[in-house]
Amino acid sequence: ASRRSSLLVRKLFEGKLDIIGDVHGEAGALCTLMDRLGYDGLGKHPDGRRLVFVGDLVDRGPNSVAVVDIVRRLVEAGNSQMVLGNHELNLLLGKRKHGNHWFYGEPEIIRKDKAAVSFQVLAPSKAWRDTTLQFLAKQPLVLERKDITVVHAAIDPKSLKALKDWDAETVNKEAKNSEEPRGVLQAYRVFETKVKEEMEACITCVKEDDEKAMLEAKIQAALIEQNNNAIKVTSSGTEGRAKEKYFAGGKWRVLERCKWWESYVGEPLVVCGHYWRRFAPKDPKLVQGFQPSGADPFADDGDFVTTGGGGGVACIDYSVGIRYEERGKGWPTGAMGTGLAALRMPESTLMFEDGRVEKMLAGGGGGTGGTAKQQEK
């Protein structure tokens, strides 16, 4: 596509990569990790390695402004790549969500206990917000090469085809000198319109006075809203019914994230974030009874083991995004088993900002290899 349009699926860098998990405004952890990885301020590495970010750069942490500025400069210089996460998408859509009021220049209480405001650097100006939105609107949802696919939350054949079909239409329109630029926002509006029609059809077939049937229809409509929109699938995953309601993202929920990786059969290794993995706490008694989010969906797969079939799925979000809770409780950094990691390829090692290096083992099929030993460390 020309300069005016942005493709949703793009080619991932060739060569050696360092793929960084969800940062969530933790600028200090990001700078420390990049230093340990060996990058300079231009995002260049002496061994020719390249940086890739899995999205969710922003929100909840203390300095999303710095994280955005760092990553934007590296990407615009051509030294790094990123994919959009659901938190970037919320900013693009103008949705005020838990942890993102900093973008609108507003302090916010984000802790689960609501006991105090968490410190967050606020967006400095409208000009900065506009520059940030323009940058994010040009970023892709999927990066792929023969052996690796990078996506924030999930990938499936149906969603990937929808995104690639959109891109093909974009290239065709550019060849015909279409005046309207196309990107993720234009695609989202088109996909959302189609999904809303499906949702309305689901609800209008139920009598309003049948409360039980109406509740069921609304749940089905919510599932359609999430699972039938390719942009929502890639940025926030697929959802199903939760066995019981749970607290996450500042509210109680009745739908839960599906373990889509259990049915993955594609050839490339999929590297994603989004799903809040955590290690066993160093001091379990200190954090006992405090659960800031839903259960770790990879608990049975081990901390450093890929899951799924085919080339496997490696989730590298180690929950640095809940360090605001650790600070709020007065606990040491990492008390809840949080960390910021980079998956180094082709070495298949994980480097953490605290200096730990772990081998990412090939699990496959939802296996449990290595779980007990890893959690004893």
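That block above? That's the structure.
On a predicted model such as this, the values are computed, not experimentally measured, just so you know.

All right, on to the environment of Thr 132 then. The residue Thr 132 is located in helix α4 (residues 126–136) in this model. On the accessibility criterion, Thr 132 (1% relative accessible area) is buried. Counting along the chain gives 41 residues from Thr 132 to Leu 91, while the straight-line C-alpha distance between them is 9.3 Å. Residues contacting Thr 132, with those up to four places away along its chain left out, are Val 68 and Phe 103.

Ile 20 and Trp 260 are the most contacted members of the largest nonpolar core, which totals 62 residues. In contact with Ile 20, not counting residues within four places along its chain, are Leu 30, Leu 33, Met 34, Leu 37, Leu 51, Val 52, Phe 53, Val 54, Ile 316, Leu 340, Ala 341 and Ala 342.

Inspection of every chain in the model, using the stated rule, returns 19 salt bridges. For Arg 72, the salt bridge goes to Glu 76, with nearest N and O atoms at 3.7 Å. Pair noted here: Arg 72 and Glu 76 are both in helix α2 (residues 64–76), with a separation of 4 residues, about one helical turn. Given the relative accessible area of 15%, Arg 72 is considered buried.

The subject of this paragraph is unusual backbone geometry. For residues other than glycine, phi is negative in most cases, and the peptide bonds are mostly trans. Here Met 345 and Pro 346 are connected by a cis peptide whose omega angle stands at 15°. For Pro 346, the location among the structural elements is in the loop between β11 (341–345) and β12 (349–352). Located in the positive-phi region is Lys 114, a residue other than glycine, with phi close to 55°. Among the secondary structure elements, Lys 114 is positioned in the loop between α3 (86–92) and α4.

A sheet is described by the order of its strands in space; here 5 strands give the open sequence β1-β5-β6-β9-β10, paired in mixed fashion. This sheet does not close on itself; its edge strands, each paired only once, are β1 (9–11) and β10 (313–315). The mean inter-strand angle of the sheet, taken between neighbouring strand axes irrespective of direction, is 20°. In terms of strand pairing, strand β5 (residues 142–144) meets strand β6 (residues 148–151) through 3 bridges, oriented antiparallel. For Leu 143, the partnering residue across the bridge sits in β6 and is Val 150.

Thresholds applied
Residues numbered from 1 in each chain as written. Predicted model: local features only at pLDDT ≥ 70, side-chain atom pairs only at ≥ 80, totals over all residues. Heavy atoms only, no water. Helix = DSSP H or I, 4+ residues; strand = E, 2+ residues; numbered from the N terminus. Buried < 20%, exposed > 50% of the residue type's maximum accessible area, 1.4 Å probe, protein only. Contact = heavy atoms within 4.5 Å. Core = buried A, V, L, I, M, F, W, Y, C linked by side-chain atoms within 4.5 Å. Salt bridge = Lys/Arg side-chain N within 4 Å of Asp/Glu carboxyl O. Pairing = 2+ DSSP bridges. Axes fitted to C-alpha atoms, helices over the stretch in contact; angles between N-to-C directions.

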